[in-house]
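# Geometric and topological summary
Listed below, chain by chain, are the residues.
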Amino acid sequence: DQADAGLARDAPLADPRAWETGGRAERVAYLTALRGRDPVVARELLAAGWSRESAEERAQLLAALSHGLSVADEEFLEAALDDRAAGVRATARDLLARLPESAFRQRAAARATVLLRLRSAGTRKWLEVSLPDDVPGPELGRDGISNSPPVAGIGAGAWLLTQLIAATPLGEWGRWFGDRKSVV
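Residues numbered from 1 in each chain as written. Predicted model: local features only at pLDDT ≥ 70, side-chain atom pairs only at ≥ 80, totals over all residues. Heavy atoms only, no water.

## Considerations on the confidence of the model for the protein
Per-residue pLDDT for the protein averages 84, and the proportion of residues at 70 or more is 87%. Mean pLDDT across the elements of the protein ranges from a minimum in helix 1 (residues 2-10), with 45, to a maximum in helix 6 (residues 74-80), with 97. Contacts for the low-pLDDT stretch residues 1-11, under 50 throughout, to residues beyond four places or in other chains number twelve contacts. Taken together, the stretch residues 180-184 has pLDDT below 50 and engages in eight contacts with residues farther than four places along the chain or on a different chain. (pLDDT = per-residue confidence, 0-100. Helix = DSSP H or I, 4+ residues; strand = E, 2+ residues; numbered from the N terminus. Contact = heavy atoms within 4.5 Å.)

## Quick look at the side chain of Glu78
With respect to the helices and strands, the residue Glu78 is situated in helix 6. Looking at Glu78, the relative accessible area reads 12%, which means it is buried. In this view, Glu78 contacts Leu96, Ala103, Phe104, Arg107 and Arg142; residues no more than four positions away in its chain are not counted. (Buried < 20%, exposed > 50% of the residue type's maximum accessible area, 1.4 Å probe, protein only.)

## Here we look at the nonpolar core
Grouped together as the largest cluster of nonpolar side chains are 24 residues, with contacts concentrated most on Leu31, Leu46, Trp50, Leu62, Leu65, Leu77 and Val88. Mapped by element, the contributors of at least two residues to this core are helix 2 (17-21), helix 3 (24-37), helix 4 (39-49), helix 5 (55-63), helix 6 and helix 7 (86-98). Of all the elements, helix 7 adds the most residues to this core, at four residues. Apart from residues lying up to four places away in sequence, Val88 is in contact with Trp50, Ala55, Arg58, Ala59, Leu62, Ala80 and Asp83. (Core = buried A, V, L, I, M, F, W, Y, C linked by side-chain atoms within 4.5 Å.)

## A look at helix 5
Regarding helix 5, the residues found buried are Glu57, Arg58, Ala59, Leu61 and Leu62. Packing partners of the buried residues in helix 5 comprise helix 2, helix 3, helix 4, helix 6 and helix 7.

## Observations concerning a nonpolar patch on the surface
A cluster of nonpolar side chains, namely Leu118, Leu127 and Val129, defines an oily patch on the protein surface of about 240 Å² accessible area. Mapped onto the elements, Leu127 comes out in strand 2 (residues 124-129). In this structure Leu127 comes out as partly exposed when scored by relative accessible area, which is 44%. (Patch = residues over 30% accessible without salt bridge, like charges linked within 9 Å, V, L, I, M, F, W, Y side chains within 5 Å. Areas by Shrake-Rupley, 256 points an atom, 1.4 Å probe, with all protein chains shown as cover. Salt bridge = Lys/Arg side-chain N within 4 Å of Asp/Glu carboxyl O.)

## Overview of the pattern of salt bridges
Applying the stated criterion across every chain, the model contains twelve salt bridges. In this structure, Arg107 engages Glu78 in a salt bridge whose closest nitrogen and oxygen atoms are separated by 3.1 Å. Within this pair, whereas Arg107 is found in helix 8 (residues 103-115), its partner Glu78 is found in helix 6, the two being separated by 29 residues in sequence. In this structure, a network of salt bridges that share partners links the residues Glu78, Asp82, Arg107, Arg111, Arg142 and Asp143.

## Overview of the pairing of strand 2
Alignment of strand 1 (residues 116-121) against strand 2, held across six bridges, turns out to be antiparallel. If you follow Arg119 over to strand 2, its bridge partner there is Trp126. Two successive antiparallel strands, strand 1 and strand 2, enclose a turn made up of two residues, where Gly122 displays a positive phi of approximately 65°. (Pairing = 2+ DSSP bridges.)

Structure, rendered in structure tokens:
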């Protein structure tokens, strides 16, 4: 959010020792303020100590990259998709989904375009949906798509379709179906 980035940029940069010795909240605040001033330096600082952080700290610190998020963060965020902690992977997916040209968004869009087709006959239009045939493999799991429906009564294909549709960025729908006014 631009307002948050402006606040972080204008906030006084805390004592750099907060990064080394501060509690979690102080470290997140320091990284957020640094991110507002110099996003590259902040990301590099986070990357330098990444392996020493706990899973919970990695997720919270990674969320600080939302301030000043740019395509320059994509490589680091893609690597975070392989983190052993589910919270870190979820945060990385959320941030990657915000980057308009990210490979993550492109993968999600490519998966959905295979399953959805806008059909028309005269003035009548409808959406044709195909259930996916594939069983999710590691590449889908990495992007947060699972093969285990959360509750009984949802078939594997329907669950996979639901996740693939949900992972597709909203802006893609307007682009595919031609209604640019609905693009978010």
